[in-house]
Structure formats: C-alpha cells, structure tokens
Amino acid sequence: MMEFHCTALLLLGSLSALSVSAEQEVENLSGLSANPDREIFVVRENETTCLMAEFAVKFLIPYDVLALNGIDLITEQASVSIPRGAQIAGKCGNTDSELHISWINHSFTFRIFFSKEKHTMGSDGKAKETEVWKMNKVQLVYDTSEKTHFSSAYNPGKHTASTHLLSALVTPAGRSYVCSAQQTLTMISSDHQKGITVYMYDTQIQPFDITSDFVFSEPYKCITDEREQLEQMLPLVLGLILGLIIVITISVYHFHLKLSAQQPPLPRDRSLYKNM
C-alpha cells in the first residue's frame, strides 16, 4: 500500500511539473521601445518565445451621438491607441496562433489571428510547394460606454468588429514580417455595420518558428518598403548614369580634338588640293 501511495505521489508530482513547465508566459515590453507609439508583445511557452509582435497601431471608431435637437443622430469618430500598460494573452500552435491585447479594464480587446499553410506555386511549368504564414483575422471588441474616447455616445454598449476573409502579412515560414510603411485594414462592426479603420505601421511580427528566445528570425520586407527603397535609390542610379554619360561625352570630345590636331592643315589655295 505504501509503495502504491509513493507511486501515485510521484505520478502526481510529474504531472504537476509537466503542467508548470508547459505554462504560458506573456510579457508587455512596450516600455523598451524608443517609439512611444510602438508596442512590443511576447508570448512564451516552455520558457521559449513562440510569438513576438512589435507595431504601432491606431483605430478610428465611428459612434453615434444625439444632435442638439435631441432627435437626430450624428456620427462622431474616436481615435484610439493601445496604451503602454495593456494586458496581453496569447496562444501558440503549430498552424494557428493568436495574440489578445486588452486595455482600460477590458473596455477594448484587440485580437490578431495567424495561420500557417502550404501554398503550391508554379514556376516554369513545375509545381513547387512552399509553407507560409499570414494574418487571417483581426477583431476589436469595444465598449462605447467608456467615457474617455466615447463622449455622450447614444445607446452605449459593447460591440464587436471583425475583418472578413483576411489574408495579410503573407510571409515565408521561418521568417519574420517587417514593414515600416502604414498598412490599412477595415473591420465591420456589429454597431449598425459601421466601418472601423485600423492603421498599422513600424511593424515586425513572427507568430511561428522562432528559433532564438526574444529574437526575430530573418526579416521578410513588405512590398511597400521594397518599393520605397527602390524609389529612394532611383535618383542616385539615374545620377550615376547621367554622370557616366557626361564623362563619356567629354572623353570622346577631347579624343576628337586631339585627333584633329594631329591632321595636317588644309591649304587655302584650292589649286593645291591636287598635290595632296
């Protein structure tokens, strides 16, 4: 009997240790960012980072207020950002991950959903299967009874806004998505189908396959940043090409002058041409 109890205790201890080791940690590291608008969130499992997100985000949320006549409704717009003290939660998986951010006593909760999938791409008539991850949904739960952002809201209460069939931030598996440029998303709210706009910029996100704790994997730049970099380099390239053309033109001109100086002068008397 004593041996049975010891075995049971050891088993319970092992299960307890396993549950502790599998516990999830979430950290809001926004205070480490030099940009006061940029948020830094980390989700860790088994003492290893499994999701990292750094971005600046702003929400434009329309809501109704009563007009001065007390009858008509006027639509106002609240500008909302995530404060530094926001609470976070997360979920890491092999093919699905989530990040939940809440602030002002859960008056606002922003949820980002990620998925990983295989894509088949054709090149030179040959099909090639690649694995990518993407942001497939964003959702905002907000309460218009929160007075800081929604002043005198008509019929205040909680509403949920979500995207529909979203496929954003598509990135090769094992890499982090990087984009300095502003990206715009639109969500449709349960509050009379109002459109909520989400602006994200200065972004770096990786929800899967992080190999080093607290360190992003190789960056994958967004198309907008690549285009802007090309536009910045274009004047320099054109200047170099123009400078090269000028140098070549001047060199040809000097060569022509030198060649002309070596030729004998033509006689002024045309009768002498026959002796040349």
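Since the model is a prediction, treat every value here as computed from it, not as a measurement. (Residues numbered from 1 in each chain as written. Predicted model: local features only at pLDDT ≥ 70, side-chain atom pairs only at ≥ 80, totals over all residues. Heavy atoms only, no water.)

### Regarding the pairing of strand β12 (residues 183-189)
Inference 1: Pairing of strand β9 (residues 158-162) with β12, which is carried by two bridges, proceeds in the antiparallel orientation. Bridge assignment links Ser162 to a residue of β12, and that residue is Ile188.
Inference 2: Where β12 and strand β13 (residues 195-206) come together, six bridges link them in antiparallel fashion. Residue pairing across strands places Gln183 opposite Met200, the latter belonging to β13.
Inference 3: Once β12 ends, the chain turns through five residues before running back antiparallel as β13, passing His192 with a positive phi of about 55°. (Pairing = 2+ DSSP bridges. Helix = DSSP H or I, 4+ residues; strand = E, 2+ residues; numbered from the N terminus.)

### Some words on the state of the cysteines
Inference 1: Evaluation of the coordinates by the stated rule reveals two disulfides.
Inference 2: Between the sulfur of Cys50 and that of Cys92 lies a disulfide, 2.0 Å long from S to S. Its S-S torsion of about 75° marks the bond between Cys50 and Cys92 as right-handed, since a negative value means left-handed. Taken together, the residues span a long stretch of sequence, with Cys50 in strand β3 (residues 48-66) and Cys92 in the loop between β5 (87-91) and β6 (96-103) at a distance of 42 residues. Per residue, the accessibility class of Cys50 equals that of Cys92, and both read buried.
Inference 3: Disulfide partner of Cys179: Cys222, at an S-S distance of 2.1 Å. Across the S-S bond linking Cys179 and Cys222, the dihedral sits near 65°, which makes this disulfide right-handed. (Disulfide = S-S within 2.5 Å. Buried < 20%, exposed > 50% of the residue type's maximum accessible area, 1.4 Å probe, protein only.)

### Considering the pattern of salt bridges
Inference 1: The full count for this structure, using the stated rule, is eleven salt bridges.
Inference 2: Note that Arg38 and Glu54 form a salt bridge whose closest N and O atoms lie 2.9 Å from each other. Taken together, the positions of Arg38 in strand β2 (residues 38-45) and Glu54 in strand β3 put the pair 16 residues apart, joining distant regions of the chain. Each member of the pair Arg38 and Glu54 is classed as buried.
Inference 3: A salt bridge links Lys118 to Glu131; the nearest nitrogen and oxygen atoms lie 4.0 Å apart. Residue Lys118 is located in strand β7 (residues 108-123), and its partner Glu131 is located in strand β8 (residues 126-143); the two are separated by 13 residues in the primary sequence.
Inference 4: Lys118 sits in the exposed class, given a relative accessible area of 54%. (Salt bridge = Lys/Arg side-chain N within 4 Å of Asp/Glu carboxyl O.)

### Brief notes about the packing of aromatic side chains
Inference 1: Applying the stated criterion across every chain, the model contains eight aromatic pairs.
Inference 2: Ring centres 5.1 Å apart and planes at 90° place the aromatic pair Tyr63 and Phe150 in the edge-to-face group. Of this pair, Tyr63 sits in strand β3 while Phe150 sits in the loop between β8 and β9, placing them 87 residues apart in sequence.
Inference 3: Exposure remark for Tyr63: the relative accessible area of 6% places this residue in the buried category. (Phe/Tyr/Trp six-rings, centres within 6.5 Å; stacked < 30°, edge-to-face > 60°.)

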